Structures are given as structure tokens and as C-alpha cells.
Amino acid sequence: MIKMDEELNKRLKIILSVIFIIILLILVLYIFNQFLKLNTYEEVKRTTTIKTTKKVDYDFTELTNDKKIIFNRYLNEINTLKAFNNAINKNHKVYNINLIQTEISKFKFIYTYLKLNNAEENITFVKINEYSNKFFKTDLYQENLINYLQEEFYYYEFNNEEPDYCLKVNSEKDNILFIDMVKKENDICSNEVLNYDKNLIINQIKLEYLLMNEEMIYLSFMIVK
């Protein structure tokens, strides 16, 4: 009889131990779940705070009509416009990225410009680098242009078609121009035309630049929403 009682107690202890372990596991899972919920809430709260407190930039100042016309003449000079068109390579739906930041985009701009303005048959790296400093105030690395090297000269099959848009400068902030890329229609692309149907705007651009010795240095060409 005593032996049976001992066996029963032993089994009871095992059952109670199992129940205790199960309850402990449930408590651990519950605490862990609450911890995850709290972290998720804090993350959502933090993200929401960032989104709702985002500063909108209203500091662009509208240029005078005379300045608008001067900048329009710079940018819409047909060979310069074609050079930009080749440099951005039809990436009109790529937003908030500097489309002339790579050496390849700079090369395409320079090559197009040189061919259209000088009609040079042979373009060397020395000439490319010279104009990289003229337009972008930076040196290029020859090894990055190896795909365009044919023997000792460079070749790129650029697009010589006239772009179906023009650029209209309207405001500025800290050497950044805010520009409308406007679809060509009738005489709207005359540099002196400053009032135009806003429905003709294809994209809006921020162009960061410097003026040195009456020459424009292009630092960034970015399409924005």
C-alpha cells in the first residue's frame, strides 16, 4: 500500500511539473508578444512622427523676367540642350537622382557638345577631360571610359535629334535653379516666352550650378516630383 502511494505521488509530481512548465511557457510567450507589440507601436509612432514633421521647402525665390531669359538662353542653346538630352539618356522618369553624376553621363554630354560645336573627327581623352573641367569642374578617369575607346580616340553614337522639350527657368535658391521641362508647342520654346500653359510641363528639374567667368558649371541635374 505504501509503495502504491509513493508511485502515485511520483506521478502526481511529474504531472504538476509538466503543468508548471506549460504555464511558464505560456507566460514567457505572452510577455514576449507584449514586448513585440510595444516595439512595433514605438516604430510606427517614430515613423509617423518623421513623416508628419517633414519640412517642406518653400524657400525658392522667383527670378526676375530678365534673369529667366538669361538662364533660358544658356540652357536652350540647341547644342547644350542636345548634350543634356544625351547625358540623361531618356531617364525622364528617374526622380531625385543626379542624372549627370556618373562619368559616363558626363562623357556623353561632353562628346555630344564637342561633336555638335566643333565637328571634330577625333576626340582624345585630353580634350574630354578639358571640357569636363569646363562644364563640371572635375577630372574624369580614363579607365572608366574604356568602352568608348577605339584605338586612341573616342566614339559614341549620340542622339542628334532635336529634343521634343525645352527648359524654362522660374526660381532659384542657393545656386539651385527650379526649372520646368516644357513640351514643345507652337512658339512656346522661345526663350522670351515666360507665360505658358502649365499642362505642357513634362517634368520639373532642380539644376545646381556655379557661374565662373560667365560660364555655367553644372553640378547636378535632378528631375523631381
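Residues numbered from 1 in each chain as written. Predicted model: local features only at pLDDT ≥ 70, side-chain atom pairs only at ≥ 80, totals over all residues. Heavy atoms only, no water.

## Section: the packing of helix α3 (residues 78-88) against helix α4 (residues 103-118)
- Their axes nearest at 8 Å, the elements α3 and α4 cross at an angle of 150 degrees. Considering their axes alone, α3 and α4 lie roughly antiparallel with respect to each other. Judged by the twist between their axes, the crossing of α3 over α4 is right-handed. In contact with Asn79, Thr80, Lys82, Ala83, Phe84, Asn86 and Ala87 of α3, α4 contributes Ser105, Lys108, Phe109, Thr112, Tyr113, Leu116 and Asn117.
- Looking at the contact of α3 with α4, its residues break down into six nonpolar, six polar and two charged. (Axes fitted to C-alpha atoms, helices over the stretch in contact; angles between N-to-C directions. Helix = DSSP H or I, 4+ residues; strand = E, 2+ residues; numbered from the N terminus. Parallel < 35°, antiparallel > 145°, perpendicular 65-115°, else oblique. Left-handed = near helix turned anticlockwise from the far one by under 90°. Contact = heavy atoms within 4.5 Å. Nonpolar A, V, L, I, M, F, W, Y, C, P; charged D, E, K, R; others polar.)

## Here we look at the nonpolar core
- Within the largest apolar cluster, 40 residues are counted, with the highest numbers of intra-cluster contacts made by Leu75, Leu177, Leu207, Tyr218 and Phe221.
- Residue assignment for this core shows that the elements contributing at least two residues are α2 (65-76), α3, α4, α5 (125-136), β4 (165-173), β5 (176-183), β6 (201-212) and β7 (215-224).
- Broken down by element, this core gets its largest block of residues, six residues, from α4.
- Residues within four places of leucine 75 in sequence aside, it is in contact with Thr80, Leu81, Phe84, Leu167, Val169, Ile179, Leu207, Met216 and Tyr218.
- By size, the runner-up hydrophobic cluster in this structure holds six residues, among which are Val182, Ile188, Cys189 and Tyr196. (Core = buried A, V, L, I, M, F, W, Y, C linked by side-chain atoms within 4.5 Å. Buried < 20%, exposed > 50% of the residue type's maximum accessible area, 1.4 Å probe, protein only.)

## Observations concerning α3
- Of all 11 residues in α3, 10 are buried; the element is thus mostly enclosed.
- Elements that come into contact with the buried residues of α3 comprise α2, α4, β4, β6 and β7.
- Looking at the residues trailing α3, positive phi occurs at asparagine 89, about 55 degrees.

## Side note on the sheet that holds β6
- On the basis of which strands lie adjacent, the open sheet formed by five strands has the order β1-β4-β5-β6-β7 and antiparallel pairing. This sheet does not close on itself; its edge strands, each paired only once, are β1 (61-62) and β7.
- Sheet topology note: the β6/β7 ladder contains nine bridges and is antiparallel. In the sheet register, methionine 212 faces β7, and the bridge partner there is glutamate 215.
- On the sheet, α3 packs against β4, β6 and β7 and is oriented at approximately 90 degrees with respect to β4. (Pairing = 2+ DSSP bridges.)

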